[in-house]
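Coordinate analysis (summary)
Chain by chain, the residues run as shown.
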Protein chains: 2
Amino acid sequence: MILTVTLNTALDITYLVRSLRPHASHRVSEVTERPGGKGVNVARVLAALGHEVTVTGFTGGATGRVVREGLATVPGVVDAFVPLSGATRRTIAVVDDRTGDTTQLNEPGPTVTPQEWSAFQEAYEDLLSGVSAVALCGSLPPGVPVGAYAGLVRTARSAGIPVLLDTSGEPLRRGVAARPDIIKPNADELAELTGSHEPLRATQDARRRGAGAVVASLGPEGLLAATRAGRWRATPPTPLRGNPTGAGDSVVAGLLSGLAEHLSWPDRLTRATALAAATVAAPVAGEFDRGVYEQMLGRVTVSGEVSAA
Amino acid sequence: MILTVTLNTALDITYLVRSLRPHASHRVSEVTERPGGKGVNVARVLAALGHEVTVTGFTGGATGRVVREGLATVPGVVDAFVPLSGATRRTIAVVDDRTGDTTQLNEPGPTVTPQEWSAFQEAYEDLLSGVSAVALCGSLPPGVPVGAYAGLVRTARSAGIPVLLDTSGEPLRRGVAARPDIIKPNADELAELTGSHEPLRATQDARRRGAGAVVASLGPEGLLAATRAGRWRATPPTPLRGNPTGAGDSVVAGLLSGLAEHLSWPDRLTRATALAAATVAAPVAGEFDRGVYEQMLGRVTVSGEVSAA
């Protein structure tokens, strides 16, 4: 069982319109909605890979019920959300019919009370006892202290559970100092953390700041990993066109499933890169194309060097 | 007890953003949501005027529950919605923070099945037995036949209940032929119905098509009424600045409450005009400013001529 934590869950809504024009009225031709938030997306990919996953974090209100009902239909996913008095936020992606250009509207979400935050921390500690790995994913909702992830990383480490942290800004900076096993920043997040725009240097600097392993996602160029065991670069065969939404979450799912299955680092990176490519190739944002995934597994190149032990 | 019918109910959501830019990402700074759809808005105004109102139409899904929960908090409003398997549509008004300019996104809403439409017609007939007047308001959802309002008008007339119809296009054209007691088109709807852009001529033409009374809402110029008893023009003292959203629904509430209280036509028109002005003046779309309303009651001018009986 793998645990994913999404403190800032969302109901992700997509609207198809002919073309968004400010200050005009639009008839939405197609509405889709699904449970969202990074840890929720990671859980869905893990479940598709055949893993059992427990999802936790906060949900509340009518939108929270929709999120939970949506996840209840995904085989392999166990709902362990902690209730919130406020309503789960919505995100709305307004997609122009012809061009695919997207306008994003993100609700701020409800403020988490100190009591709710305490309730979550207790639930989290209980959930850790039954899992092989945990992923802490996404931004922090209003009301949750900025050092939240640092505390959750420490709790996991005390329980002997490997922990992956995927966030940004100050929550990432503080979280890294608590020594998570893996972090997965993108190029911007890594530069913000380390002050360096040179990925090789930055991944090593992030390790010095406390991360056991750093896997930087560099978009179409693939992944760059700095770990205790060595350094690698994983590259997809050709840059794929498509929608990169959710590709980072697929990388997290690939790394985490590989960790749970005790794969070597090169194999984890191959899987993560193939999943990211298969996510970009899928027509629906955040889903992955299984055919592309299986094809990519044999075509990702991993090069690097193993550390002298 | 007054009955309002809203076949196309909505959850009306308002987002405040700094400035909407196509293909960018926006943080919504403020979210408000409330039950919507024309008949629901009319019911809220009627309740604020001290009337008991039953609301019916369709609601379904998580958004439908929010609509019903929202109306449950309004004193004087009785919920008699008919359940729908699909989810009540959302409308999203994205308001630019500084200018107040609004971009509207309207979901199409679920398709009503023939069984659901039959269930509604039965419920409607039952509800008519206890009411003094009925308002049929707004557009038709997918699946409801275009002659729906004509049928509902006939059912009300057979039961001896005065019926007001406020819709547009083909549903209005067909509804008028069934001889509703009152219709309340705006200038565009009236022109579309009659082919005439000259309001005086058009109101009379609409009466010839079957409407007992025609009250045309002419925006800041007030109301123009053609009835069996005579013709009147009701004019607010000065054009008010503000948000005209919901002003038409306030006119319906004013006319309907005046009908239920057996007011004369000039008094009904005064009330409706004052309510519309007080709605434009209110900061929140669709609400009315009670102070402005009471002040306006003494300042609306009604001029016209009584028909020779």
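Per an unreviewed UniProt entry, the recorded name for chain A is Sugar kinase, and the organism is Streptomyces variegatus. One UniProt comment on chain A, placed under Sequence similarities (unreviewed entry), says "Belongs to the carbohydrate kinase PfkB family."

Quick word on the overall build of chain A
A tally of regular secondary structure across chain A gives ten helices and 16 strands. Taking 2.2 N^0.38 as the reference for a compact globule, 309 residues should give roughly 19 Å; the C-alpha atoms of chain A span a radius of gyration of 19 Å, in line with that estimate. Along the longest, intermediate and shortest principal axes, the C-alpha atoms of chain A span 60 × 45 × 40 Å. Here chain A holds 309 residues, and the buried ones make up 54% of them. Here the contacts in chain A between residues at least 6 apart in sequence split such that 65% fall between residues at least 24 apart. When the accessible surface of chain A is split by element, carbon and sulfur atoms take 49% of a total near 12800 Å².

Let's talk about the UniProt feature "domain: Carbohydrate kinase PfkB" (unreviewed entry) in chain A
Cross-referencing UniProt, the feature "domain: Carbohydrate kinase PfkB" (unreviewed entry) maps to residues 12-283 of chain A in the present numbering. Secondary structure content for residues 12-283 of chain A is 39% helix and 25% strand, while the C-alpha to C-alpha distance between its ends is 16 Å.

Thoughts on the sheet that holds strand β2 (residues 10-17) of chain A
With respect to topology, five strands assemble into an open sheet ordered β4(A)-β2(A)-β8(A)-β9(A)-β3(B), the strand pairing being mixed. Unpaired on one side and paired on the other, β4 (30-36) of chain A together with β3 (25-27) of chain B mark the two borders of the sheet. Each adjacent strand pair in this sheet contributes to an overall mean axis angle of 15°, direction not counted. With five bridges connecting them, strand β8 (residues 89-96) of chain A and strand β9 (residues 102-106) of chain A associate as antiparallel partners. When the sheet's bridge partners are listed, V95 of chain A is paired in β9 of chain A with T102 of chain A.

Brief notes about the interface of chain B and chain A
Across the boundary between the two partners, chain B contributes 31 residues, which contact 31 residues of chain A. Of the roughly 2500 Å² buried between chain B and chain A, counting both surfaces, carbon and sulfur atoms make up 55%. By the criterion of area lost to chain A, the three top residues of chain B are H23, R90 and L105 of chain B, representing 23% of everything that side buries. Our count for the chain B to chain A interface comes out at four salt bridges. On inspection of chain B and its partner chain A, the count reaches 16 residue pairs in polar contact (both at pLDDT 80 or more). Those elements that provide at least two residues to the side of chain B that touches chain A are β2 (10-17), β3, β4 (30-36), α2 (61-72), β8 (89-96) and β9 (102-106) of chain B. Among the elements that line the side of chain B that touches chain A, the one with the most residues is β9 of chain B, at five residues. For the side of chain B that touches chain A, the per-class residue count stands at 15 nonpolar, seven polar and nine charged. Pairing of strand β3 (residues 25-27) of chain A with β9 of chain B involves three bridges; the strand directions are parallel. In the sheet register, R27 of chain A faces β9 of chain B, and the bridge partner there is N106 of chain B.

Each value, and the rule that gives it
- Residues numbered from 1 in each chain as written.
- Chains lettered and ligands numbered in written order.
- Predicted model: local features only at pLDDT ≥ 70, side-chain atom pairs only at ≥ 80, totals over all residues.
- Heavy atoms only, no water.
- UniProt positions renumbered as here; feature names shortened; annotations may be inferred.
- Helix = DSSP H or I, 4+ residues; strand = E, 2+ residues; numbered from the N terminus.
- Rg over C-alpha atoms; globule rule 2.2 N^0.38 Å.
- Buried < 20%, exposed > 50% of the residue type's maximum accessible area, 1.4 Å probe, protein only.
- Contact = heavy atoms within 4.5 Å.
- Areas by Shrake-Rupley, 256 points an atom, 1.4 Å probe, with all protein chains shown as cover.
- Pairing = 2+ DSSP bridges.
- Axes fitted to C-alpha atoms, helices over the stretch in contact; angles between N-to-C directions.
- Buried area = accessible area lost by both parts, 1.4 Å probe.
- Salt bridge = Lys/Arg side-chain N within 4 Å of Asp/Glu carboxyl O.
- Polar contact = N/O pair within 3.5 Å; in protein donor to acceptor, adjacent residues only side chain to side chain.
- Nonpolar A, V, L, I, M, F, W, Y, C, P; charged D, E, K, R; others polar.

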